[in-house]
Amino acid sequence: MAFQERVFSGVQPTGNLHLGNYLGAIKRFVELQDRYDCLYCVVDLHAITVWQDPAELPRATREVTAAFIACGIDPTKHIIFNQSQVAEHAELAWVFNCVARLGWLNRMTQFKEKAGKDRENASVGLYAYPTLMAADILIYRATHVPVGEDQKQHLELSRDIAQKFNNDFRHAIREHGYGDGFFPLPEPLITGEATRVMSLRDGTRKMSKSEPSDYSRINLTDDADAIAQKIRKAKTDPEPLPSEEAGLKLRPEADNLVGIYAALADTTRAGVLGQFGNAQFSTFKSALVDLSVAKLGPIGAEMKRLLRDPVGIDSILAEGSARAQKLAGETMKAVKDIVGFVRS
Ligand code: AQP
């Protein structure tokens, strides 16, 4: 069955939005809006899988919304909303909890990393996170999902859930006129030079919101001085930059900084090395500071401007949620028919 092409993706309001979120996800969201109908979601239900201070969560939700808009997503053409305002996400997630297998969830590396050694004490929500993520995507029958590299495994699970649902309910799906499959198998879009931006302090660890050292990441709201300081202090090695990409292979910090430059400048690692091959890090870092400030400065300033009007942001979320809910409601009705729930 051919599905209407549609993009869905989400960002958690867990504070410290960083350059990895921007280059791996939000920048790609912006690029896709000319080609697809898009839904971009502030996934607050996901955020509470680990403790969030209720006094802080609204601010973090508005910050992600402001980042979407400041980066260039148009909320009049596409849908920007927060997950908890569309109850169908959680409703479909329950159905998917009954479709997904324990063995599938047991393989999820993000749960293992986040739960750590104290697994018995992790929330049930953290464990079931991937079935909710599958519901987020499939409640809109989305066909394409732009994400960073770290979400690849969850996307594969979403495809497995869609496939198993289509297979388990194939007779009912056909009976209700949906042909050979009700859900599309969503495709991950993991492209570009910065699908996994690494910490500025350790090129082997992902740049992350929860890393205690603020020097490990560039936050989208950092001012020019903070950006410059963080890049100047970023870990490097003693060698000059190589002139060929192969020379980055065993140099994670160099590879990371070159990847960041390439993604910000919309070029490739090879292109960056064509310009900076054999240069010392001091020269390259100065150029990276200038580029980062030029690209991120206006985004941070616009975010701050938008955040001065929380009522305006909330009304964008309310309007987007109402539009999303219409689509989600249609899917949920069909799912209820397919599964065999009586509805009035
Ligand atoms: N370092 C990264 N490089 C590239 N893409 C990244 N993404 C996250 N980190 C990087 C992508 O950003 C989108 C939103 O991700 P999220 O909301 O799940 O955020 P997170 O930063 O991974 O957040 P956590 O789980 O709150 O924080 P940590 O990692 O600190 O525990 C996704 O598309 C993601 O791939």
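Please refer to the structure higher up on the page.
Cut-offs and rules
- Residues numbered from 1 in each chain as written.
- Predicted model: local features only at pLDDT ≥ 70, side-chain atom pairs only at ≥ 80, totals over all residues.
- Heavy atoms only, no water.
- Helix = DSSP H or I, 4+ residues; strand = E, 2+ residues; numbered from the N terminus.
- Rg over C-alpha atoms; globule rule 2.2 N^0.38 Å.
- Contact = heavy atoms within 4.5 Å.
- Areas by Shrake-Rupley, 256 points an atom, 1.4 Å probe, with all protein chains shown as cover.
- Lys, Arg positive; Asp, Glu negative; His and termini not counted.
- Charge placed at Lys NZ, Arg CZ, Asp CG, Glu CD.
- Near = heavy atom within 4 Å.
- Polar contact = N/O pair within 3.5 Å; in protein donor to acceptor, adjacent residues only side chain to side chain.
- Nonpolar A, V, L, I, M, F, W, Y, C, P; charged D, E, K, R; others polar.
- Core = buried A, V, L, I, M, F, W, Y, C linked by side-chain atoms within 4.5 Å.
- Buried < 20%, exposed > 50% of the residue type's maximum accessible area, 1.4 Å probe, protein only.
- Phe/Tyr/Trp six-rings, centres within 6.5 Å; stacked < 30°, edge-to-face > 60°.
- Axes fitted to C-alpha atoms, helices over the stretch in contact; angles between N-to-C directions.
- Parallel < 35°, antiparallel > 145°, perpendicular 65-115°, else oblique.
- Left-handed = near helix turned anticlockwise from the far one by under 90°.
- 1 Å grid on protein atoms, 1.4 Å probe; cavity = no way out; pocket = protein on both sides within 12 Å on 5 of 7 lines; lining within 4 Å.
- Points joined across faces, edges and corners; volume = space filled by probe spheres on them.

Looking at the overall build of the protein
Part 1 of the reasoning: Within the protein, the regular secondary structure consists of 14 helices and 5 strands.
Part 2 of the reasoning: Relative to the globule expectation of 20 Å for 344 residues, the C-alpha radius of gyration of the protein, 21 Å, shows essentially globular dimensions.
Part 3 of the reasoning: Contacts spanning at least 24 positions in sequence make up 77% of the contacts within the protein whose residues lie at least 6 apart.
Part 4 of the reasoning: As presented, the protein carries roughly 16100 Å² of accessible surface, and 50% of it is formed by carbon and sulfur atoms.
Part 5 of the reasoning: Taking the average place of the 42 positive charges on the side chains of the protein and the average place of its 44 negative ones, the gap between the two points comes to 2 Å.

Examining the site of the ligand
Part 1 of the reasoning: Around the ligand sit 23 residues in total, of which Gln12, Lys114, Asp150, Ser208 and Ser210 are the nearest.
Part 2 of the reasoning: Residue His18 places a side-chain N or O atom 3.2 Å away from an oxygen atom belonging to the ligand.
Part 3 of the reasoning: Considering the ligand on its own, with 670 Å² of exposed area, one finds that the protein chains cover 93% of that surface.
Part 4 of the reasoning: When residues of the shell around the ligand are traced back to their parent elements, those giving at least two are strand E1 (6–11) and helix H1 (19–32).
Part 5 of the reasoning: Looking at the shell around the ligand, the element that brings in the most residues is H1, giving 4 residues.
Part 6 of the reasoning: Split into classes, the residues belonging to the shell around the ligand amount to 6 nonpolar, 12 polar and 5 charged.

What about the nonpolar core?
Part 1 of the reasoning: In terms of nonpolar packing, the biggest core is built from 60 residues, with Tyr22, Phe68 and Phe284 touching the most fellow members.
Part 2 of the reasoning: Leaving out residues up to four positions away in the same chain, Tyr22 has contacts with Lys27, Cys71, Leu220, Leu264, Leu296 and Ile299.
Part 3 of the reasoning: With 47 residues, the next largest nonpolar core counts Phe8, Val86, Leu132 and Val335 among its residues.

Examining the packing of aromatic side chains
Part 1 of the reasoning: This model, assessed by the stated rule, comprises 15 aromatic pairs.
Part 2 of the reasoning: Ring geometry for Phe29 against Tyr40: centres 4.3 Å apart, planes inclined by 5°, an arrangement best described as stacked. Pair noted here: Phe29 is in helix H1 and Tyr40 is in strand E2 (residues 37–42), with a separation of 11 residues, a long-range link.
Part 3 of the reasoning: On the accessibility criterion, Phe29 (0% relative accessible area) is buried.

With respect to the packing of helix H3 (residues 57–71) against helix H13 (residues 281–307)
Part 1 of the reasoning: At a minimum axis separation of 8 Å, H3 and H13 run at an interaxial angle of 130°. Between H3 and H13, the interaxial angle falls into the category oblique. Both H3 and H13 take part in a crossing whose hand is right-handed. Touching Arg62, Glu63, Ala66, Ala67, Ile69, Ala70 and Cys71 of H3 are Ile299, Glu302, Met303, Leu306 and Leu307, all from H13.
Part 2 of the reasoning: Classifying every residue of the contact of H3 with H13 by side-chain character gives 9 nonpolar, no polar and 3 charged.

So, the layout of surface pockets
Part 1 of the reasoning: Approximately 1200 Å³ is the volume attributed to the largest pocket.
Part 2 of the reasoning: Around the largest pocket sit 45 residues that line it, and Gln110, Lys114, Asp150, Gln151 and Lys206 are the ones nearest its centre.
Part 3 of the reasoning: Elements with a minimum of two residues in the lining of the largest pocket: E1, H1, helix H6 (109–115), helix H7 (124–138), strand E4 (144–146) and helix H8 (152–168).
Part 4 of the reasoning: Grouping the amino acids of the lining of the largest pocket by side-chain chemistry returns 14 nonpolar, 20 polar and 11 charged.
Part 5 of the reasoning: Counted as a void, the second largest pocket has a volume near 220 Å³.
Part 6 of the reasoning: In terms of residues, the lining of the second largest pocket owes the most to one element, helix H14 (residues 310–339), which gives 6 residues.
Part 7 of the reasoning: Class assignment of the residues belonging to the lining of the second largest pocket gives a composition of 8 nonpolar, 2 polar and 6 charged.

Geometric descriptors of this kind do not, in isolation, establish any biological role.
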